[in-house]
Amino acid sequence: SPSKTLLSMINSLPFPSSIVTTDDGKEMVQTTVTQTEGTVVTITVVTDHSEEVSKEEIVIQATVTAENDWIQLEKVTAEVVAKEKSKDVTVEINLTDPVVDSEMLELFAGKNIILKIALENGVVWKIYMKEMTEKDFSGKYDFQVNISQKSPDELEIFGEKVYQLKFADRIDFNASLGFKEGNTYDLASLYQKEEGSYQIINSVVVDQYGWAWFSVGKIDKKTDYCIGL
């Protein structure tokens, strides 16, 4: 079952919360919905019983619309991370505005979490915050990525499906770009245009959930990028 320290922490949060637990014998899911000052934060604890040693994963989710939402989310996250130092903690943020001030990202720098930033078009940015410092972020970031499907012949890219990417802003820190369009175990490649032709940056295998996760860094908004599946 979920750790007593985590349950104690949830019960002690200075915000009204409700808890729902489901258990099908293989997996127990406990969902806590907390209403903070400005946003709703959902804490999900998933305990996998399918292995000999049960594994516990913690996911914190919230939709942010203002800076105060980031601040309240960080407070809840800090409580969870402090109590559950050895557990995997993922913080999933749904953005209503793709422009984020670096000070909001700095709130999570150095913490033992994976920060996932989800856009309305389905693209997800993943940042391993334990590896980051406040100095890795500066200014404002527009995380928006426009995606349009093209014919392989048009871009001269090998693949059954090809998508052109237009980044709204530079990304000057290491992150992973999540793109969900392929079938499990498909090979997906990320390209950038150099001297008139597209060159592979990296290739990955689509995971069991249909996601291709590309490691990126130093994205230049003036450069053309595409994905081939």
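Residues numbered from 1 in each chain as written. Predicted model: local features only at pLDDT ≥ 70, side-chain atom pairs only at ≥ 80, totals over all residues. Heavy atoms only, no water.

Asker: So what about the environment of Tyr 198? Which residues, and what values?
Answerer: By the element assignment, Tyr 198 lies in strand β14 (residues 197–205). According to the relative accessible area criterion, Tyr 198 is buried, its value standing at 12%. Sequence-wise, Tyr 198 and Val 81 are 117 residues apart; in three dimensions their C-alpha atoms are separated by 42 Å. Leave out the neighbours within four places in its chain, and Tyr 198 touches Leu 155, Ile 157, Gln 164, Tyr 191, Gln 192, Lys 193, Asp 224, Tyr 225 and Cys 226. Among the polar contacts listed, one links the side chain of Tyr 198 to the side chain of Gln 164, at a separation of 3.2 Å. (Helix = DSSP H or I, 4+ residues; strand = E, 2+ residues; numbered from the N terminus. Buried < 20%, exposed > 50% of the residue type's maximum accessible area, 1.4 Å probe, protein only. Contact = heavy atoms within 4.5 Å. Polar contact = N/O pair within 3.5 Å; in protein donor to acceptor, adjacent residues only side chain to side chain.)

Asker: An account of the nonpolar core is requested, with residue identities and associated values reported.
Answerer: Ranked by size, the top nonpolar core spans 53 residues in total, and within it Leu 105, Trp 125, Phe 143 and Phe 173 carry the most contacts. Among the elements that make up this core, the one with the highest residue count is helix α2 (residues 67–83) (five residues). Apart from residues no more than four positions distant in its own chain, Leu 105 is found in contact with Trp 70, Val 100, Leu 115, Ile 117, Met 129, Phe 137, Tyr 141, Phe 143 and Phe 173. Leu 155, Ile 157, Tyr 191 and Tyr 198 belong to the second-largest nonpolar core, a separate cluster that totals six residues. (Core = buried A, V, L, I, M, F, W, Y, C linked by side-chain atoms within 4.5 Å.)

Asker: A description of unusual backbone geometry should follow, citing residues and the corresponding values.
Answerer: At Tyr 185, a residue that is not glycine, the phi angle is positive and equals roughly 75 degrees. Examined against the element boundaries, Tyr 185 turns out to sit in the loop between β12 (175–180) and β13 (187–194). Backbone geometry at Lys 218 places phi at a positive 60 degrees, although glycine is not the residue there. Along the chain, the position of Lys 218 falls in the loop between β15 (211–216) and β16 (225–228). Here Lys 218 falls in the exposed class, since its relative accessible area comes to 64%.

Asker: Help me get a handle on the sheet that holds strand β11 (residues 162–167), residues and values and all.
Answerer: Here we have five strands laid out as an open sheet, ordered β10-β11-β16-β13-β14, and antiparallel in their pairing. The sheet is open, and its two borders are formed by β10 (145–150) and β14, each paired with just one other strand. Across this sheet, the average inter-strand angle for adjacent strands is 25 degrees, counted without regard to direction. Of the strand pairs in this sheet, β13 and β14 are connected by eight bridges, and their pairing is antiparallel. Bridge pairing in β14 places Leu 187 opposite Val 205. (Pairing = 2+ DSSP bridges. Axes fitted to C-alpha atoms, helices over the stretch in contact; angles between N-to-C directions.)

Asker: Summarise the environment of Gln 72; cite the residues concerned and give the values.
Answerer: Checked against the element boundaries, Gln 72 lands in helix α2. The buried category is assigned to Gln 72, whose relative accessible area is 2%.

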